[in-house]
Amino acid sequence: MTSTGVEADGSGVASSADCALPDTAPRPFDAFRSGWETEIGDGFPLPTFSPATIRDFRVKSRAVKVGDVAVTDLHGASVIRTEGPLNGVEDQVRMYVVQRGAWTLGAPLARSEQTVSAGQFLLRHIGRPLHFETPPGTTAKVLVLPATLLKPLLGERQSVTGPADSAEVRLLVAHSNMIYETVADLGPAGVHAAHSTLIELAKAVARQRVDDTEPQLAPALAQAAKDLADSHLADPELSGTMLARQLNVSVRNLQRAFAATGEPVTAYIRRRRLEEARLALAAPSGRLSVSELAAHWQFADSSHFIRAFKKHYGRTPTEYARSTKPVGN
């Protein structure tokens, strides 16, 4: 199988479209390990975890394998720590993107110990197995990548580190998230394209620059811009120019990436603002007035907001709010 996915819920029970564990699964860690080995484990074995980690295994995760690349998203409510002797050779490049908490590589007090803090990433060649530890509450994305394609770009540095919100990392994260959503429907050509784009974006992280003229990267660029826009919808400065600047690409190439989606940048921003306004109108309490919503979501004035809302939803904001009001109130 060239591509597959596995998920684990808060209890560690893993499931996928191809392999569902029974409801009577054993300990959370055992269920997680079984799902991993069935779906992901070929070429990506689990490390040896400490007894304490196994006993108190409270981890939410999802993982996908695309050829010789594996991507794992993990949120640990408990401590995750490896233990025991680590032997052999492990010629891989790994990338750690930490959103919350921290990820420490290397045995405690070892000279090679390295910690990736929240908001940071690390792209590193791993020549031999390394211990790792994460404190409770850690959320991170980990990619295992082929060393033959990426190690030459690292050179003598052996690693690259920096902020997780850099343009290169944003694009790689956006693309890996899209793979989770589409992998079940991908044919051989789609899997090849997804893999090639993962590799190209990992190379961009190693080089610390993105070739925004590369057509293959357009879907990842559009998705990264959408993710960024979604987090700035109430910002009066939000525009295609701001997104291009944040992603370190030209406005022209960002517009081209969006053109492939069938929706211009400005149309996407307006649609998302209208969606958020509609959700606010349907809120059971603490509703904002029409003028307040117009100002909050950066419409020129109430009239402009009302016209845009009615064109999109077929009703004025007031009519929509009235239709969502519980009967009898």
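Residues numbered from 1 in each chain as written. Predicted model: local features only at pLDDT ≥ 70, side-chain atom pairs only at ≥ 80, totals over all residues. Heavy atoms only, no water.

Undergrad: So, the overall build of the chain: which residues are in play, and what are the values?
TA: Helices and strands together make up the secondary structure of the chain, namely 12 helices and 12 strands. Considering the chain as a whole, with its 329 residues, one finds that 45% of them fall into the buried category. Contacts spanning at least 24 positions in sequence make up 69% of the contacts within the chain whose residues lie at least 6 apart. When the accessible surface of the chain is summed, it comes to about 16,400 Å², and 52% of that surface belongs to carbon and sulfur atoms. (Helix = DSSP H or I, 4+ residues; strand = E, 2+ residues; numbered from the N terminus. Buried < 20%, exposed > 50% of the residue type's maximum accessible area, 1.4 Å probe, protein only. Contact = heavy atoms within 4.5 Å. Areas by Shrake-Rupley, 256 points an atom, 1.4 Å probe, with all protein chains shown as cover.)

Undergrad: Report on the layout of surface pockets, specifying residues and quantitative values.
TA: The space that makes up the largest pocket amounts to roughly 620 Å³. Contributing to the lining of the largest pocket are 29 residues, with P45, L46, P47, R94 and F132 lying nearest its centre. By residue class, the composition of the lining of the largest pocket is 21 nonpolar, 6 polar and 2 charged. (1 Å grid on protein atoms, 1.4 Å probe; cavity = no way out; pocket = protein on both sides within 12 Å on 5 of 7 lines; lining within 4 Å. Points joined across faces, edges and corners; volume = space filled by probe spheres on them. Nonpolar A, V, L, I, M, F, W, Y, C, P; charged D, E, K, R; others polar.)

Undergrad: Describe unusual backbone geometry, and please don't skip the residues or the numbers.
TA: With phi around 65°, Q208 is a residue other than glycine that occupies positive phi space. On the secondary structure map, Q208 appears in the loop between α5 (188–207) and α6 (218–230). We note that Q298 has phi near 65°; this positive angle belongs to a residue other than glycine. Relative to the helices and strands, Q298 resides in the loop between α10 (290–296) and α11 (302–313). Overall, the relative accessible area of 29% leaves Q298 in the partly exposed class.

Undergrad: How would you summarise the packing of α6 against helix α8 (residues 251–259) if you had to cite specific residues and measurements?
TA: Where α6 meets α8, the closest approach of the two axes is 8 Å, and the angle between their N-to-C directions is 100°. When the axis of α6 is compared with that of α8, the two are roughly perpendicular. Here A218, L221, A222, A225 and K226 of α6 come into contact with α8, specifically with N253, L254, A257 and F258. (Axes fitted to C-alpha atoms, helices over the stretch in contact; angles between N-to-C directions. Parallel < 35°, antiparallel > 145°, perpendicular 65-115°, else oblique.)

Undergrad: Please give an account of the sheet that holds strand β7 (residues 102–105) that cites residues and values.
TA: If you walk across this open sheet you meet the 4 strands as β5-β10-β7-β8, and the pairing is antiparallel. Lying at the two open borders of the sheet, with one neighbouring strand each, are β5 (80–81) and β8 (114–117). Here 4 bridges tie β7 to β8, and the two strands are oriented antiparallel to one another. Across the sheet, L105 pairs through a bridge with Q114, a residue of β8. (Pairing = 2+ DSSP bridges.)

Undergrad: Account for helix α1 (residues 28–39), naming residues and giving values.
TA: The terminal C-alpha atoms of α1, which comprises 12 residues, lie 17 Å apart, in line with the 16 Å expected from a rise of 1.5 Å per residue. If you check which residues of α1 are buried, you get F29, D30, A31, F32, G35, W36 and E39. (Expected span 1.5 Å × (residues − 1).)

Undergrad: Describe in detail the packing of aromatic side chains, supporting the description with residues and values.
TA: Scanning the model with the defined rule gives 14 aromatic pairs in all. Ring geometry for F29 versus F32: centroids 6.5 Å apart, planes at 40°, classification tilted. A residue pair is termed a helical-turn pair when its members lie 3 or 4 positions apart in one helix, as F29 and F32 do in helix α1 at 3 residues. The pair formed by F29 and F32 is uniform in burial state, with each residue classed as buried. Ring centres of F32 and F57 lie 5.1 Å apart, and the angle between their planes is 45°; this geometry places the pair in the tilted category. Highlighted residues: F32 in helix α1 and F57 in the loop between α2 (51–55) and β3 (59–66), separated in sequence by 25 residues. Judged by relative accessible area, F57 falls into the buried class, the value being 6%. Here the aromatic cluster, defined as three or more aromatic residues joined through ring pairs, consists of F29, F32, W36, F49, F57, Y96, W103 and F132. (Phe/Tyr/Trp six-rings, centres within 6.5 Å; stacked < 30°, edge-to-face > 60°.)

Undergrad: Provide a residue-level description of α6, including the pertinent values.
TA: Residues separated by three or four positions in an α-helix point in the same direction, a consequence of the helix having 3.6 residues per turn. Between its first and last C-alpha atoms α6 spans 18 Å; for 13 residues at 1.5 Å apiece the expected length is 18 Å, and the two agree. Within the span of α6, buried status applies to A218, A220, L221, A222, A224, A225, K226, L228 and A229. For α6, the secondary structure elements touched by its buried residues are α4 (167–182), α5, α7 (240–247), α8 and α9 (265–281).

Undergrad: An account of the pattern of salt bridges is needed here, citing residue identities and associated values.
TA: Overall, the coordinates contain 13 salt bridges when judged by the stated rule. With a closest N to O distance of 2.9 Å, R81 and E133 form a salt bridge. Here R81 is found in strand β5, whereas its partner E133 is found in strand β10 (residues 132–134), with 52 residues between them in sequence. On the basis of relative accessibility, which here comes to 30%, the residue R81 falls in the partly exposed class. When the shortest N-O distance is used, the salt bridge between R272 and D230 registers 3.0 Å. Here the residue R272 occupies a position in helix α9, and D230 occupies one in helix α6, the gap between them amounting to 42 residues. Overall, the relative accessible area of 30% leaves D230 in the partly exposed class. Among the charged side chains, a network of salt bridges with common partners joins D230, E263, R271, R272, E275 and E276. (Salt bridge = Lys/Arg side-chain N within 4 Å of Asp/Glu carboxyl O.)

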